[in-house]
Amino acid sequence: MEPVRSDISVRELAEFVHRRDDLGGQGGFRRSNRALEGIKGHKRVQQSRGSDYRSEVSVERTFSRADVELRVVGRVDGLIEGLAPLVEEIKTVERQWSRQADPVHLAQLRLYAGILALEKGWAQASLLLTYLELETEETTHFREETSRDDLIAFLHATVDEWFSWLLPHVEWQRERDASIASAPFPFTNFRAGQRDLAKSVYRAIQKRNNLFVEAPTGMGKTLATLYPAIKSLPLLGEGKIFYVTAKTPGRLAAEDALQRLRDAGLQLRSVSLTAKAKICFAPDSSGCDPSTCPYTKGYYDRYKPAMRELLQTQRLDRENLTVVAKKHQVCPFELSLDVSHWVDVIIGDYNYVFDPTVMLQRYFGEGKARHVVLVDEAHNLVERSREMYSATLAADELSVPFEASGGKGSGRARKALSEARNEVQKLIEGPSTGVPSPKTYHRGAFASDHIPTTFIDSLRAAAATLEIYLVEQSSRKSALPWLEPWFAIHRFLQVSDAFDETYRVVIDPANQRVTLFCVDPSKRLAQTLKGLRAAVFFSATLSPLEYFIDVLGGSNESARNSYASPFRSDQMSIRIAPLNISFQERDRSMDSVAEAVRLHLRATPGNHLIYCPSLAYLEQFHRKLTALGIQSHPQRPTMTESERESFLHKFTKETGSVGLAVMGGIFSEGIDLPGEQLVGVTVIGVGLPGLSIERDLLMVYFDQKEKTGFDYAYRYPGMQRVLQAVGRLIRSENDQGAALLIDRRFLETRYEDLFPGWWQVVPHFAPDDD
């Protein structure tokens, strides 16, 4: 049997085996340039050594247990060979460090020395752990003289501990792969197009390509993408499958699909990642405080038994994670991240893969393109990615309350914030650039294609001054008021570092804020895709396909497929009420719209959903229907999980319910109301995003790229909302329903061309059809 090969760095090995005590280690604030300053500090120490001192020495050693080969690799900070060999590990620290040798750092040093002792036959060695305090340049040394036997014993004991996890994992992978080879598709027959989609997903992974797929509702996209991806797992080596989605229903669908596969005989471990704020056991109004939380204190003393217990099951969803984390008194969020190393499929939000501030660096910062990402409801990623790569800074964020803690350095910190705030004010109060052409709905906002140097310099100076002050704070409570402006500045500066031709500065005097707006996220998405083995983007509304390939970072080489709907045109009647509901005419057309809806409800008795162009329109329309004697249940501005369930409960348990929802909102996609639960849908308007300066910037940008700017900024995003809303109606081959589209623009060719091919629009509908 071919041996299984696995790699691990010395640092990772030391951390896993020897880390103890609290989550977050010694804690304290770390400056934004801490990594760079650490590298410079290393070099200063190395350059101070003698001529016989060698720095950055690569080491490597392979260990075998059974038929598994483990390659341990690393780079020694400093080495002196000869009769009295010396191995040095250098660590840089802030002023508030404990002045005690960290057991993990000592372990790392001993592992380096153990590998070198084996390779070079040393009888003994001197070990030097050096701490450099960055602010004072003071060094602290911990030295030990160690024999060859002790070093090798420590090395083997550490490697054996890792093998105690690695060997069962390899055995698990073999069991998994055997089950994959024989695992059947969990249904007797594939739906129309489903087999072909599964084949195209497998081919994309096999060929290391990206795939963009428009596959209609009812086709079974979740299984048709997960099944072939799982079939490809033996090709991935240590790679994993990431199933990322924008909303909770997508996560639940993936969990259920995997369970169906398990029920059919598949052996597969999956973990679902839940946002830290949602899964936290000890929420605090100011966020997580590792220094006081009982689930972070002593985390590394207890998390391994928790992981072993979790790995006894295969479905590591939120419920299982919280039960086990509570039992072992560990942070459930960190536990989900740590146990993810030992699973096959990771389910989570888009941001874990694409957002540079929260992406899982343990997987996507490693420089190895070995993971596969399945992007559910990929049409949502366009706007989400713009948000991820943009940043806003408001003038009022650059201040702290007068009652905030003072002390040494607080005066300088307040002054630096005041100077930065003044620069923001100068930018906000400066003359308009006249770009784009001013419109009333811009509300005085204007844009620029460059960031003033003085503005950025003032922010960098404020961040540096705040960091010096924050490093000195002994408690999170005293630091918290100062952390908020620091985070706002730091986030803004991070985005400013990426500022290029795909960005615009939006200056909003009315709201006293400046935004670095990512007009075109494709460049940064493409960079992320380069770090993957393959990515599959799929949605029922990924049309026009070329538009999505363009804005989501695809290329001419990207594979693409579009599938016909399994539904028949006679399952859904679609009528258009050609009313003028443009923004200027909405009030005047309200009566006609209400009458069209009344006739539609009467023609198709049962449960209906009515999608409105905005929350303001919804509230006004709700009052209009009430005046007509039509009872309806409106979506509220903010709804808890239980309120959302209550809203949907009216459709699953009642008949004759009329719901009002916002097009593009929480009830526009990801809800499943088959059969009699939903028999009618009304869509009011063509779904265009609200007029804004940001949308106009998109339009100008893509026009300049010789693309149709209005389509990219308004029409395509609008029709995505329409198609998603209508898509709630027919969910299976047995469903029947009626859809009403209210807006005369639906009769225009440029909108009709975006209708799915299986739609068959019946003669136009008007209130006087009664």
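Everything below is about the structure shown above.
Values in this document were obtained by computation on a predicted structure and should not be read as measured data. (Residues numbered from 1 in each chain as written. Predicted model: local features only at pLDDT ≥ 70, side-chain atom pairs only at ≥ 80, totals over all residues. Heavy atoms only, no water.)

Below, the discussion takes up the overall build of the protein chain. Within the protein chain, the regular secondary structure consists of 26 helices and 24 strands. Its C-alpha atoms give the protein chain a radius of gyration of 30 Å, within 12% of the compact-globule value 27 Å for 770 residues. With the principal axes as the frame, the protein chain shows a C-alpha extent of 100 × 70 × 50 Å. Counting across all 770 residues of the protein chain, residues that qualify as buried make up 53%. When the accessible area of the protein chain is evaluated, it comes to approximately 33900 Å², of which 49% is carbon and sulfur surface. Looking at charge distribution, the protein chain has the averaged site of its 95 positive side-chain charges lying 1 Å from that of its 100 negative ones. (Helix = DSSP H or I, 4+ residues; strand = E, 2+ residues; numbered from the N terminus. Rg over C-alpha atoms; globule rule 2.2 N^0.38 Å. Buried < 20%, exposed > 50% of the residue type's maximum accessible area, 1.4 Å probe, protein only. Areas by Shrake-Rupley, 256 points an atom, 1.4 Å probe, with all protein chains shown as cover. Lys, Arg positive; Asp, Glu negative; His and termini not counted. Charge placed at Lys NZ, Arg CZ, Asp CG, Glu CD.)

Moving on, we come to the sheet that holds strand S15 (residues 503–508). Here we have four strands laid out as an open sheet, ordered S13-S16-S15-S14, and antiparallel in their pairing. Looking at the sheet topology across the chains shown, the edges are occupied by strand S13 (391–394) and strand S14 (446–448). Strand-to-strand twist across the sheet, computed as the mean angle between neighbouring axes with direction ignored, equals 20°. By the bridge criterion, three bridges tie S14 to S15 in an arrangement that is antiparallel. For Ala447, the partnering residue across the bridge sits in S15 and is Val506. (Pairing = 2+ DSSP bridges. Axes fitted to C-alpha atoms, helices over the stretch in contact; angles between N-to-C directions.)

Bringing the sheet that holds strand S24 (residues 737–742) into the picture now. Spatially, six strands are ordered S19-S24-S23-S20-S22-S21 in an open sheet, and the strand pairing comes out parallel. Each edge of the sheet is formed by a strand with only one pairing partner; in this case those strands are strand S19 (572–577) and strand S21 (633–634). In this structure, strand S20 (residues 608–612) lies alongside strand S23 (residues 680–684), joined through four bridges in parallel fashion. Within the sheet, the bridge partner assigned to His608 lies in S23 and is Gly680. Contacts from helix H22 (residues 615–627) reach S20, S21, strand S22 (658–662) and S23, with the element oriented near 160° to S22. (Contact = heavy atoms within 4.5 Å.)

By the secondary structure assignment, Thr92 is in strand S4 (residues 86–93). Residues Thr92 and Leu747, spaced 655 residues apart in sequence, show a C-alpha to C-alpha distance of 67 Å.

What follows concerns the packing of helix H17 (residues 453–471) against helix H18 (residues 476–497). It is the contact of H17 with H18, at a shortest axis distance of 9 Å, that shows an interaxial angle of 140°. Here H18 runs oblique to H17, going by the angle between their axes. Handedness of the crossing formed by H17 with H18: left-handed. The residues of H18 that touch H17, namely those facing Phe455, Ile456, Leu459, Arg460, Ala462, Ala463, Leu466, Glu467, Tyr469 and Leu470, are Ala479, Trp482, Leu483, Pro485, Trp486, Ile489, Phe492, Leu493, Ser496 and Asp497. Taken together, the residues that form the contact of H17 with H18 break down as 16 nonpolar, one polar and three charged. (Parallel < 35°, antiparallel > 145°, perpendicular 65-115°, else oblique. Left-handed = near helix turned anticlockwise from the far one by under 90°. Nonpolar A, V, L, I, M, F, W, Y, C, P; charged D, E, K, R; others polar.)

A separate point is the packing of aromatic side chains. Under the defined criterion, the tally for this structure stands at 35 aromatic pairs. Here the aromatic rings of Tyr712 and Tyr716 are separated by 6.1 Å at their centres, their planes lie at 50°, and the arrangement is tilted. With Tyr712 and Tyr716 both in helix H25 (residues 709–726), this residue pair falls four residues apart, about one helical turn. Just as Tyr712 is buried, Tyr716 falls in that class too. (Phe/Tyr/Trp six-rings, centres within 6.5 Å; stacked < 30°, edge-to-face > 60°.)

The alternating pattern of strand S12 (residues 372–375) places Val372 and Leu374 on one face and Val373 and Val375 on the opposite face, and all of these are buried. Sheet analysis places strand S8 (residues 241–245) next to S12, joined by four bridges and oriented parallel. Its bridge partner being in S12, Tyr243 is matched across the sheet by Leu374. With four bridges connecting them, S12 and strand S17 (residues 534–539) associate as parallel partners. Looking across to S17, one finds that Val372 is bridged to Ala534.

In this section: the environment of Val104. Topologically, Val104 is positioned in helix H3 (residues 103–120). Taking the C-alpha atoms as reference points, Val104 and Glu2, 102 residues apart in sequence, are found 34 Å from one another. Contact partners of Val104, with chain neighbours within four places excluded, come to Ala14, Glu15, His18 and Arg19.

Counted under the stated rule, the structure contains 46 salt bridges. A salt bridge links Asp256 to Arg315; its shortest N-O distance comes to 3.6 Å. In this pair, Asp256 sits in helix H8 (residues 248–263) while Arg315 sits in strand S10 (residues 315–316), placing the two residues 59 residues apart along the sequence. For Asp256, a relative accessible area of 42% puts it in the partly exposed group. Through salt bridges with shared partners, a single ionic network connects Arg251, Glu255, Asp256, Arg315 and Asp317. (Salt bridge = Lys/Arg side-chain N within 4 Å of Asp/Glu carboxyl O.)

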